[in-house]
Amino acid sequence: MNDSKPNTDAESNQPTVEPPSKEELRLAMKAFRKRLKLTRLDDESRLGRGPMSSGQASGVVGIRPPDQFPKAVWQELANQGKLKREGGGLYSIVGS
């Protein structure tokens, strides 16, 4: 018989990741909103729109979040309900 116990040392050897600070989350949301705004403006000002048309609102809903913040920040904002995961690494702002 094998009386070996499950190795619980492997669980304790994993580094504990601290959740992002409130300041980091605030700055990440600010950067996300700015990136979304610029992406929408870029979409609305593309040359494919006719000069005589009344213009169209941007169809951009979700974007890939800025790279200067780690993935854990975006996951935490989604867990808090401030962002929505759209799949494929895209996020959108809840309520917009």
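Above this note sits the structure.
On a predicted model such as this, the values are computed, not experimentally measured, just so you know. (Residues numbered from 1 in each chain as written. Predicted model: local features only at pLDDT ≥ 70, side-chain atom pairs only at ≥ 80, totals over all residues. Heavy atoms only, no water.)

**Q** Help me understand the overall build of the protein chain in this model?
**A** Across its full length, the protein chain carries three helices and two strands. Scored against the burial criterion, the 96 residues of the protein chain give a buried share of 24%. Carbon and sulfur atoms form 52% of the exposed surface of the protein chain, whose accessible area is close to 7,700 Å². (Helix = DSSP H or I, 4+ residues; strand = E, 2+ residues; numbered from the N terminus. Buried < 20%, exposed > 50% of the residue type's maximum accessible area, 1.4 Å probe, protein only. Areas by Shrake-Rupley, 256 points an atom, 1.4 Å probe, with all protein chains shown as cover.)

**Q** Any chance you could explain the pairing of strand β1 (residues 83-87) here in plain terms?
**A** For a regular strand, the rule is simple: side chains alternate between the two faces of the sheet. Bridge count between β1 and strand β2 (residues 90-93): four bridges; the pairing is antiparallel. When the sheet's bridge partners are listed, Arg85 is paired in β2 with Tyr91. Linking two consecutive strands that pair antiparallel, namely β1 and β2, is a turn of two residues; a positive phi of about 70 degrees is found at Gly88 within it. (Pairing = 2+ DSSP bridges.)

**Q** Just checking my understanding: could you explain the packing of helix α2 (residues 22-44) against helix α3 (residues 71-79) for this structure?
**A** When two helices pack together, their arrangement is given by the angle between their axes and by how far apart the axes lie. Across the interface, α2 lies against α3 with an axial gap of 10 Å and an inter-helix angle of 90 degrees. Looking at the two axes, α2 sits roughly perpendicular to α3. From α2, Glu24, Leu25, Ala28, Met29 and Phe32 reach across to α3, where they touch Val73, Trp74, Glu76 and Leu77. Here the contact of α2 with α3 is composed, by residue class, of seven nonpolar, no polar and two charged. (Axes fitted to C-alpha atoms, helices over the stretch in contact; angles between N-to-C directions. Parallel < 35°, antiparallel > 145°, perpendicular 65-115°, else oblique. Contact = heavy atoms within 4.5 Å. Nonpolar A, V, L, I, M, F, W, Y, C, P; charged D, E, K, R; others polar.)

**Q** Can you walk me through the nonpolar core in this structure?
**A** Note on soluble globular proteins: their nonpolar side chains tend to be buried together. Core analysis: the biggest nonpolar cluster contains 16 residues, and Phe32, Trp74, Leu77 and Leu83 have the highest contact counts within it. Looking at this core, the elements with two or more residues in it are α2, α3 and β2. Residue contributions to this core peak at six residues, all from α2. For Leu83, the contacting residues outside a window of four places in its chain are Met29, Phe32, Trp74, Leu77, Ala78, Tyr91, Ser92, Ile93 and Val94. (Core = buried A, V, L, I, M, F, W, Y, C linked by side-chain atoms within 4.5 Å.)

**Q** Even after reading the chapter, I still don't get α3, so can you show me in this structure?
**A** Each α-helix winds once per 3.6 residues, and so residues spaced three or four apart point in a common direction. Buried within α3 we find Val73, Trp74, Leu77 and Ala78. All buried residues of α3 lie within an arc of 135 degrees about the axis, which places them on one face of the element. Structural note: α3 exposes Lys71 and Asn79 on the side pointing more than 90 degrees away from its buried face. Structurally, α3 contributes buried residues whose contacts are with α2, β1 and β2. Just past α3, the residue Gly81 takes up positive phi, approximately 85 degrees. (Arc of directions from axis to C-beta.)

**Q** Would you explain the pattern of salt bridges in this entry?
**A** Two side chains of opposite charge can pair, provided their charged atoms sit close to one another. Counted by the stated rule, this structure contains two salt bridges. Ionic pairing is found between Glu23 and Arg26, a salt bridge with its closest N-O pair at 2.7 Å. Of this pair, Glu23 and Arg26 both sit in helix α2, three residues apart, which is roughly one turn of the helix. Given the relative accessible area of 46%, Arg26 is considered partly exposed. Residues Arg64 and Asp67 are paired through a salt bridge, measuring 2.9 Å at the closest nitrogen-oxygen approach. Exposure class is identical for Arg64 and Asp67. Each is exposed. (Salt bridge = Lys/Arg side-chain N within 4 Å of Asp/Glu carboxyl O.)

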